Amino acid sequence: KPFGNNFLAKDHQMLYGFGFGGNMMTPINFGLGIDYNVLFSNIKYGHENIAGNISDPVLTNIEFYLVHRNVFSEEFTLEEFGGASSYVLSTAYDEAISERHKDKGVGFHFGLKPIYTLDREGYQQAFVSGKVNFYFSDVYNSDAAMQKYFSRSMFLSLSIGYRYQF
């Protein structure tokens with residue numbers, strides 16, 4: 001859910017989508033991770049002109065992060081993570097749906113992931129992940145307020161998932 005005074009929060013509906021990822025852990029419970037996410041949205045009704053006569057926004061991001069795992073019991077684990085993100089916001093032009101405009105950006109993120117182990121061997125796990133993302137793009141405008149409105153955003157992510165450890 002984007003929030004704040006920016007184009008993702010004011011002109012777009014809530015983002016939803018899917019993703020996949022993985023991480024490699026060391027025996028001392030530190031590791032590296034990577035996630036790939038594809039998020040979909042729509043332009044809010046009445047904001048089409050503000051958004052620039054575009055439609056069908058798709059936000060794709062790749063995240064690289066450091067992760068730390070706290071093992072509380074055989075069933076419950078908590079992971080903290082933080083890292084860097086790369087974003088591509090792709091939108092279709094209303095006049096030519098086959099053509100797409102792409103804004104690229106970078107950012108950073110951090111979050112928590114409570115994990116519940118589903119089997120005795122510890123291979124199957126279910127998790128809920130909460131994350132805060134900060135997005136900065138290369139949109140330029142002579143009006144500083146407009147540039148800030150279209151080039152920065154912050155949003156919260158909530159993910160529910162399943163993973164298999166080996």
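Residues numbered from 1 in each chain as written. Predicted model: local features only at pLDDT ≥ 70, side-chain atom pairs only at ≥ 80, totals over all residues. Heavy atoms only, no water.

A. Representation of the overall build of the protein chain within the structure. When helices and strands are tallied, the protein chain shows three helices and eight strands. Counting from the amino terminus, the protein chain carries its helices and strands in the arrangement β-α-β-β-α-β-β-β-β-α-β. Here the protein chain holds 166 residues, and 38% of them are scored as buried. Here the protein chain has roughly 10,100 Å² of accessible surface; of this, 62% comes from carbon and sulfur atoms. (Helix = DSSP H or I, 4+ residues; strand = E, 2+ residues; numbered from the N terminus. Buried < 20%, exposed > 50% of the residue type's maximum accessible area, 1.4 Å probe, protein only. Areas by Shrake-Rupley, 256 points an atom, 1.4 Å probe, with all protein chains shown as cover.)

B. How the structure looks around the layout of surface pockets. Counted as a void, the largest pocket has a volume near 970 Å³. Surrounding the largest pocket, 37 residues form its lining, Phe-20, Gly-21, Asp-35, Lys-113 and Phe-127 being those nearest its centre. Elements with a contribution of two residues or more to the lining of the largest pocket: β2 (16–25), β3 (30–40), β4 (54–71), β7 (124–137) and β8 (152–164). Here the lining of the largest pocket gets 10 residues from one element, more than from any other, and that element is β8. (1 Å grid on protein atoms, 1.4 Å probe; cavity = no way out; pocket = protein on both sides within 12 Å on 5 of 7 lines; lining within 4 Å. Points joined across faces, edges and corners; volume = space filled by probe spheres on them.)

C. Seen up close, the environment of Asn-23. When you line up the elements, Asn-23 lands in strand β2. In the structure, Asn-23 is positioned 11 residues away from Ile-34 in sequence and 6.3 Å away in space, judged by C-alpha atoms. Setting aside its immediate chain neighbours within four residues, Asn-23 contacts Leu-32, Gly-33, Tyr-65, Val-67, Glu-79 and Arg-163. (Contact = heavy atoms within 4.5 Å.)

D. Spotlight on the side chain of Thr-77. Locating Thr-77 in the fold gives a position in strand β5 (residues 76–93). For Thr-77, a relative accessible area of 10% gives the class buried. Not counting the four nearest positions on each side in its chain, Thr-77 is found in contact with Arg-69, Asn-70, Val-71, Lys-113, Pro-114 and Ile-115.

E. Structural context of the pattern of salt bridges. What the rule picks out here adds up to three salt bridges. With a shortest N-O distance of 2.9 Å, Arg-69 and Glu-79 are connected by a salt bridge. Taken together, the residues span a long stretch of sequence, with Arg-69 in strand β4 and Glu-79 in strand β5 at a distance of 10 residues. With respect to class, Arg-69 is no different from Glu-79; both count as buried. Across the pair Glu-79 and Arg-163 runs a salt bridge whose closest N-O atoms are separated by 2.8 Å. One end of the pair, Glu-79, is in strand β5; the other, Arg-163, is in strand β8, with 84 residues separating them in the sequence. The pair formed by Glu-79 and Arg-163 is uniform in burial state, with each residue classed as buried. (Salt bridge = Lys/Arg side-chain N within 4 Å of Asp/Glu carboxyl O.)

F. Region of interest: the pairing of strand β6 (residues 100–117). The pairing of β6 with β7 spans 11 bridges and is antiparallel. By the bridge assignment for β7, Tyr-116 is matched with Ala-126. Hairpin connection between β6 and β7: a loop of six residues separates the two successive antiparallel strands, and Gly-122 in this loop has a positive phi of roughly 85°. (Pairing = 2+ DSSP bridges.)

G. Representation of unusual backbone geometry. Even without glycine at this site, Asn-29 takes up a positive phi of about 65°. By the element assignment, Asn-29 lies in the loop between β2 and β3. A relative accessible area of 27% means that Asn-29 is categorised as partly exposed.

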